[in-house]
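A look at the structure
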Amino acid sequence: QVQLAESGGGSVQAGGSLRLSCEASRYTSSRTWISWFRQAPGKEREGVAALATNGIGTKYADSVKGRFTISQDNTKNTVDLQMNSLKPEDTAMYYCAADFRGGLPFLPGSYANWGRGTQVTVSS
């Protein structure tokens, strides 16, 4: 199985930026998806951004379109999430999800492997 490790979280003020990285223990498959989810206390886990590992497709939650960008860094074997213009409502634990097993990319049950998460806190 693929081991995932998120990094890059932190605390920033509204309008700031963070770059999250999801490092995989091996190269991702071009036939699947790798995604970022987030979960705030008391709320359900929601898909934020998804990347088709063949580079063809991306998906973003409406709430982050134009602000977040998901990308793959082959030199580091990571999938990154660049987050700009952060808002307090972006505050959550952010998780990397991989080993897509079918279904909709923004459904948590579509993934077989999850990282431990990295905390993002945005204050005003």
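Relevant structure appears above.
1. A look at unusual backbone geometry
Of note in the backbone geometry, Asn77 takes a positive phi value of approximately 55° without being a glycine. Its location among the elements puts Asn77 in the loop between strand E7 (68–73) and strand E8 (78–83). Look at Ser85: it is not a glycine, yet its phi comes out positive at around 50°. The topology assignment puts Ser85 in the loop between E8 and strand E9 (92–100). What makes Ser85 partly exposed here is its relative accessible area of 40%.

2. Here's the deal with the pattern of salt bridges
Where charged atoms from two side chains of opposite charge approach closely, those side chains can pair. Within the structure shown, the criterion is met by five salt bridges. Here Arg38 ties to Glu46 by a salt bridge, and the two come within 2.8 Å at their closest N and O atoms. Note on Arg38: relative accessible area 5%, which makes it buried. You can call Glu46 partly exposed: its relative accessible area is 35%. Residue Asp90 is joined to Arg38 by a salt bridge in which the shortest nitrogen-to-oxygen separation is 2.9 Å. Of this pair, Asp90 sits in the loop between E8 and E9 while Arg38 sits in strand E4 (residues 33–39); the two residues are 52 residues apart in sequence, bridging distant segments of the chain. Of the two residues, Asp90 and Arg38, neither departs from the other in class, the shared state being buried. Within this structure, Arg38, Glu46, Arg67 and Asp90 form a network of salt bridges that share partners.

3. Details of the nonpolar core
If you look at soluble globular proteins, the nonpolar side chains tend to sit buried side by side. Within the largest apolar cluster, 27 residues are counted, with the highest numbers of intra-cluster contacts made by Trp36, Phe68, Leu81, Met83 and Tyr94. Contributing elements (two or more residues each) for this core: strand E3 (18–24), E4, strand E5 (46–52), E7, E8, E9 and strand E11 (118–123). Residues Phe37, Ala52, Ala97 and Tyr111 belong to the second largest nonpolar core, which totals six residues.

The rules we used
Residues numbered from 1 in each chain as written. Predicted model: local features only at pLDDT ≥ 70, side-chain atom pairs only at ≥ 80, totals over all residues. Heavy atoms only, no water. Helix = DSSP H or I, 4+ residues; strand = E, 2+ residues; numbered from the N terminus. Buried < 20%, exposed > 50% of the residue type's maximum accessible area, 1.4 Å probe, protein only. Salt bridge = Lys/Arg side-chain N within 4 Å of Asp/Glu carboxyl O. Core = buried A, V, L, I, M, F, W, Y, C linked by side-chain atoms within 4.5 Å.

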